[in-house]
Amino acid sequence: MSAPPTVSDPLAEKIRALTEEDLRTILAVFREKLRAEDAAYLNTCVHCGLCAESCHYHLATGEPEAMPAAKLDLVSRVFKSHFFRTGKALAGLVGAEKLSRELVGEWIDSLFGRCTLCGRCTLSCTMGINIFSLIRAARSALAAVGLVPPGLQSTVDTAIRTGNNMGVSKENWLETVAWLEEEARAELGDPTVRFPIDKRGARILYTINPREAMFFPLSISAAGKIFHAAGEDWTFSSENFDVTNYGLYNGDDEAAGIMSGRLVRAVEELGCRELILAECGHGFNSNRWEAPEWLDRAYGFPVRSILELVAGYVRDGRVRLDPSLNPKRHTLHDPCNLVRLGGIVEEQRFILKRAVRDFVEMIPNREKNFCCGGGGGQLAMTNFAKRRLETGKIKADQIRAAKAEVVVTPCHNCIDQLMELNKHYRLGIEIKTVCEVAAEALVFETRPSAGLPG
Amino acid sequence: MMTTLRYGVFAAAAASLGLLSFLVLRTLTFGRRRLHSQARGNRAGGVAYAFGRGMMPWEKESARKHLPTYAAGMIYHAGIFAAILYALLLAASVSPDGAVLAVFRALMAAGFAFGAGLLLKRILKPAMRYLSCPDDYLSNVLVDLFVLSGLLASFLRAAVPVFFALAVLTFLYMPLGKIRHCFFFFYSRILFGSYFGRRGVLPHPPRRGA
């Protein structure tokens, strides 16, 4: 059953240097993360193998190690050996295995390197085992002894140190917002357009993925234009604007709590009534569903995706969209964390069907959609980049089959992966967020003149 | 001898039930997850989905893509439940006959055939061998023999002691290996439905082309 570990170099030396104390720490943290639900799941798998084709890693590579049940087995072997023993005599019979350096190597290689925590296998599992949450618990245990692939860990470290995962300075952030506000005013020919910062008592606090500030400012201005069109009372925070939370992926709950706690603090300090999360799949799952658990508290305000908000604007007639302004064929990629794990399934469709003339679904879609391959921290873990691109073939094939010119996705992490797939598999597509597409279809009293930046 | 075996069947079944219940209770020592986030959907609806529509091939991709295996599994389990019930009835000196006996025989025959088929699949397919530990084979062999002995016992009175002995073995092995999923399946499906129901992912309205 055991395959030789093929751990990439960055962590190989660390694994060799693991002490018995380190192994005990891994076990202790793993045990601490497990709850009754997890213990039940870990007693349930029957190795039926029916989950195999639900995983894009297994589909793309055919590797048996990539079968979700095989990845789960790496975790359950340790569970059976250390935390749910049925007697020494039966250990070998039921596949129990003590944690060792070799097994730690396999954990890193498979649980970090062969899983995007997309949750697709759980839907396919005959038993309904929440495999991704068990893999995340194992990642947490590895994080406790510094065994997170360096690229992913440095993303978390940067966010903890600087307040956002790209290390965008406050000065740059404020300059970017001011510039985008100016551009939007020029484009819309409306001097009343405002991109407020730290506006006390604003109804909503809006967040962004820092990649938007660095590389995709159109996403920010698209949201700002929609807010303007809807007459929304909104604000950014000058300090706490990062919707991302790579603590979800490295498994470090403490770091994850610090990151999400900043947004909660910003809402409370500014006296906003609602936290609106930008188009970011894992940012949504983190801040909407997981963060209250990391922080061990309920919030006194709702947390919603901007898609819910914009769909509401359209439904209530607060913004008008003209689909003829987006005549190309569009398709939609459903980010796993937002859709399958987040519950935001129809809002993006509601918006797009009113914002574009020709909308076609990918098959499969919604909660059954395939991961783009960039989730789970894969984009940050450069040591697994080759696998990431290889497994992205499943998504590339889906896109080709849709025969669309524009792929829309409400997630900047997915956008990065789709951009790489576009290049690698020569897909020849444009890639946009939902708000970007909706902003292009906005109908104002006086339509902005063409050709101006924005 | 027969009396001992009869009592043995009931004792083993009771022991199995007790141990399986203990295992389920033991998971609670890990503590329940405390949820603070606001629910978006409906847990009960999710659980109903998990045991209903969510098990259907048109809904579950794995079942759809592996329809023969999925169907074999269903029939296998029907055969196992039939054999368990038949063992308990015979041990209670109740001998089904006529149409009822025919149904038992049909279910046990089909259950054995498909169980053996699944065992062969596990042995022959490299991916399945990769995934399997000794318990996967042992559980399957033990249960197949139990179901087969039930079928034989329905024709041959002489096979009844063997059927009872295998029933005792199967009941006693249930909590030790993967057969414990007979309890944990329900536990996990409830958790699955609660998780996706609470988040508003499932159940979704029926749609086409997804």
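Cut-offs applied
- Along each chain, residues carry numbers from 1 onward, in the same order as the chain's sequence is written.
- Note on labels: chains are lettered from A, ligands numbered from 1, in written order.
- The predicted nature of this model means local features are confined to residues of pLDDT at least 70 and side-chain atom pairs, given and counted, to a pLDDT of 80 or more, with totals for whole chains, interfaces and linings taken over all residues.
- Helix and strand assignments come from DSSP, with helices taken as H or I runs of at least 4 residues and strands as E runs of at least 2, each series counted from the N terminus.
- With the radius of gyration taken over C-alpha atoms, the globule rule is written as 2.2 Å times the number of residues to the power 0.38.
- Whether a residue is buried, exposed or partly exposed follows from its count of other C-beta atoms within 10 Å of its own C-beta, namely 20 or more, 12 or fewer, or something in between, respectively; the C-beta atoms are built from the backbone.
- Working definition of a contact: two residues with C-beta atoms, positioned from the backbone, lying within 7 Å.
- Ten residues, namely Ala, Val, Leu, Ile, Met, Phe, Trp, Tyr, Cys and Pro, are considered nonpolar, four, namely Asp, Glu, Lys and Arg, are considered charged, and the remaining ones, Gly among them, are considered polar.
- Segmentation into domains, and thus their bounds, comes from an automatic or database assignment.
- A strand pair is defined by DSSP finding two or more bridges across the two strands.
- By convention, orient the strands away from the viewer: a clockwise path from the first strand over the helix to the second makes the crossover right-handed.
- The axes are straight lines fitted to the C-alpha atoms, using for helices just the contacting stretch, and the angles between their N-to-C directions are given from 0 to 180°.
- Take the residue count of a helix, subtract one, and multiply by 1.5 Å to get its expected span.
- We define a nonpolar core as a collection of buried residues of the types Ala, Val, Leu, Ile, Met, Phe, Trp, Tyr and Cys that are connected via C-beta atoms lying within 7 Å of each other.
- Any angle that is under 35 degrees is reported as roughly parallel, and any over 145 degrees as roughly antiparallel; angles of 65 to 115 degrees are reported as roughly perpendicular and all others as oblique.
- When the near helix sits turned anticlockwise from the far one by under a right angle, the crossing is termed left-handed; a clockwise turn instead gives a right-handed crossing.
- On a range of 0 to 100, pLDDT expresses the predictor's confidence in each residue.

The number of helices and strands found in chain A is 22 helices and 8 strands. Since a compact globule built from 454 residues should have a radius of gyration of about 22 Å, the 23 Å found for chain A is in line with a globular shape. Considering only C-alpha atoms, chain A reaches an extent of 80 × 45 × 35 Å along its principal axes. Relative to its full complement of 454 residues, chain A shows a buried share of 58%.

Attention now moves to the overall build of chain B. In terms of regular secondary structure, chain B is built from 9 helices and 0 strands. For chain B, the C-alpha atoms occupy an extent of roughly 60 × 40 × 40 Å along the three principal directions. Looking at chain B as a whole, 40% of its 210 residues qualify as buried. Across chain B, contacts joining residues at least 24 apart in sequence account for 80% of those joining residues at least 6 apart.

Time to look at the interface of chain A and chain B. Reports often express the size of an interface as the amount of accessible area lost when the parts come together. Listed by partner, the interface residues are 55 residues for chain A and 50 residues for chain B. Elements represented by at least two residues in the side of chain A that touches chain B include exactly helix 3 (36–41), helix 5 (68–82), helix 8 (120–124) and helix 16 (281–294) of chain A. For the side of chain A that touches chain B, the leading source of residues is helix 3 of chain A, giving 6 residues. Class assignment of the residues belonging to the side of chain A that touches chain B gives a composition of 26 nonpolar, 16 polar and 13 charged.

Residue and element names in this part refer to chain A. Examined at the domain level, chain A breaks down into domain 1 (9–147), domain 2 (159–314) and domain 3 (318–440). Put simply, the middle of domain 1 and the middle of domain 3, counted by C-alpha atoms, are 30 Å apart. Listed per partner, the contact involves 15 residues of domain 1 and 19 residues of domain 3. Elements with a contribution of two residues or more to the side of domain 1 that touches domain 3: helix 4 (56–61) and helix 8. A per-element tally of the side of domain 1 that touches domain 3 places helix 4 first, with 5 residues.

All right, on to unusual backbone geometry then. Following Ile 363 of chain A, the chain continues into Pro 364 of chain A via a peptide bond in cis, with omega recorded as -5°. Along the chain, Pro 364 of chain A falls in the loop between strand 6 (358–361) and helix 19 (385–391). Cis geometry marks the peptide bond from Leu 202 of chain B to Pro 203 of chain B, where omega comes out at -5°. One can find Pro 203 of chain B in the segment after helix 9 (181–198). A positive phi angle is found at Leu 117 of chain A, which is not glycine, with a value near 55°.

A word on the pairing of strand 3 (residues 274–277) of chain A. Residue and element names in this part refer to chain A. Relative to strand 3, strand 1 (residues 204–206) is paired through 3 bridges, and the arrangement is parallel. By the bridge assignment, Leu 205 is partnered in strand 3 with Leu 275. Bridge count between strand 3 and strand 4 (residues 303–305): 3 bridges; the pairing is parallel. Residue pairing across strands places Leu 277 opposite Ser 305, the latter belonging to strand 4. Assessed by its sense of winding, the connection that carries the chain from strand 3 through helix 16 to strand 4 is right-handed.

The next thing to look at is the sheet that holds strand 1 of chain A. All names here are of chain A. Pairing is parallel in the open sheet, where 4 strands are placed in the order 2-1-3-4. Each end of this open sheet is capped by a strand with a single partner; those strands are strand 2 (234–235) and strand 4. Looking at chain direction, strand 1 and strand 2 are connected through 2 bridges and run parallel. Bridge pairing links Leu 205 to Thr 235 in strand 2. With respect to the sheet, helix 16 is in contact with strand 3 and strand 4, its orientation differing from that of strand 3 by roughly 160°. Strand contacts of helix 17 (residues 306–316): strand 3 and strand 4, with the helix running at about 70° to strand 4, the strand carrying the most contacts.

Residue and element names in this part refer to chain A. Between its terminal C-alpha atoms helix 21 (residues 412–424) stretches 18 Å, which fits the 18 Å expected from 13 residues at 1.5 Å a residue. Looking only at helix 21, the buried set comprises His 412, Asn 413, Cys 414, Ile 415, Gln 417, Leu 418 and Leu 421. Elements in contact with the buried residues of helix 21: helix 12 (210–214), helix 16, helix 20 (393–402), strand 7 (406–408) and strand 8 (430–432). Looking one or two residues past helix 21, Arg 426 carries a phi angle of roughly 45°, positive in sign.

Turning to the nonpolar core, a few remarks are in order. Ala 138, Ile 226, Val 310 and Ala 438 of chain A are the most contacted members of the largest nonpolar core, which totals 162 residues. If we ignore the near neighbours within four places in the chain, the residues touching Ile 226 of chain A are Val 310, Tyr 313, Val 319, Cys 435, Ala 438, Ala 439 and Leu 442 of chain A. Formed by 35 residues, the second largest nonpolar core is a distinct cluster that contains Val 9, Ala 12, Ala 153 and Ile 179 of chain B.

This brings us to the sheet that holds strand 6 of chain A. All names here are of chain A. Reading across the sheet, the 4 strands line up as 6-5-7-8 and stay open at both edges, with parallel pairing between neighbours. With one partner strand each, in any of the chains shown, strand 6 and strand 8 form the two edges of the open sheet. On average, each strand axis in the sheet is inclined to that of its neighbour by 30°, with strand direction left out of account. Relative to strand 6, strand 5 (residues 329–332) runs parallel, the two sharing 4 bridges. Residue pairing across strands places Arg 329 opposite Asp 358, the latter belonging to strand 6. Lying on the sheet, helix 18 (residues 347–355) is in contact with strand 5, strand 6 and strand 7; it crosses strand 5 at an angle near 175°.

Helix packing geometry: the angle between the two helix axes and the distance between the axes. Residues and elements named next belong to chain B. Contact pair helix 7 (residues 134–153) / helix 8 (residues 160–173): the axes reach a minimum separation of 9 Å and the direction vectors enclose 150°. By the angle between their directions, the pair helix 7 and helix 8 is classed as roughly antiparallel. When the axes of helix 7 and helix 8 are compared, the crossing they make is left-handed. Contacts between helix 7 and helix 8 involve Leu 142, Val 143, Leu 145, Phe 146, Ser 149, Gly 150 and Ala 153 on the former and, on the latter, Val 160, Val 162, Phe 163, Leu 166, Ala 167, Leu 169, Thr 170 and Tyr 173.

Turning our eyes to something else, we now look at helix 13 (residues 217–230) of chain A. Residues and elements named next belong to chain A. Counted at 1.5 Å a residue, the expected span for helix 13 with its 14 residues is 20 Å, and the 20 Å between its end C-alpha atoms agrees. Among the 14 residues in helix 13, 11 count as buried, and that is most of the element. Inspection of helix 13 places Ser 219, Ile 220, Ser 221, Ala 222, Ala 223, Gly 224, Lys 225, Ile 226, Phe 227, His 228 and Ala 229 among the buried residues, and these make up the whole buried set. On the buried face of helix 13, the contacting elements are helix 11 (170–188), strand 1, helix 12, strand 2, helix 17 and helix 22 (434–440).

Among the secondary structure elements, His 58 of chain A is positioned in helix 4. Separated by 333 residues in the primary sequence, His 58 of chain A and Thr 391 of chain A have C-alpha atoms spaced 8.2 Å apart.

Below, the discussion takes up the confidence of the model for chain A. Residue and element names in this part refer to chain A. For chain A, per-residue confidence averages 95 on the pLDDT scale, and 95% of positions sit at 70 or higher. Confidence drops under a pLDDT of 50 for residues 1–5, and excluding neighbours within four residues, the segment shows 8 contacts in the predicted structure. Every residue in residues 447–454 is under pLDDT 50, and counting partners more than four places away or in other chains gives 11 contacts.

Let us now look at the packing of helix 2 (residues 20–33) of chain A against helix 9 (residues 131–143) of chain A. Residue and element names in this part refer to chain A. At their nearest, the axes of helix 2 and helix 9 sit 8 Å apart, and the two run at 145° to each other. Considering only the axes of helix 2 and helix 9, their crossing is right-handed. Residues Ile 26, Val 29, Phe 30 and Lys 33 of helix 2 lie in contact with helix 9, whose contacting residues are Ala 137, Ala 138, Ser 140, Ala 141 and Leu 142. Per-class residue counts for the contact of helix 2 with helix 9 are 7 nonpolar, 1 polar and 1 charged.

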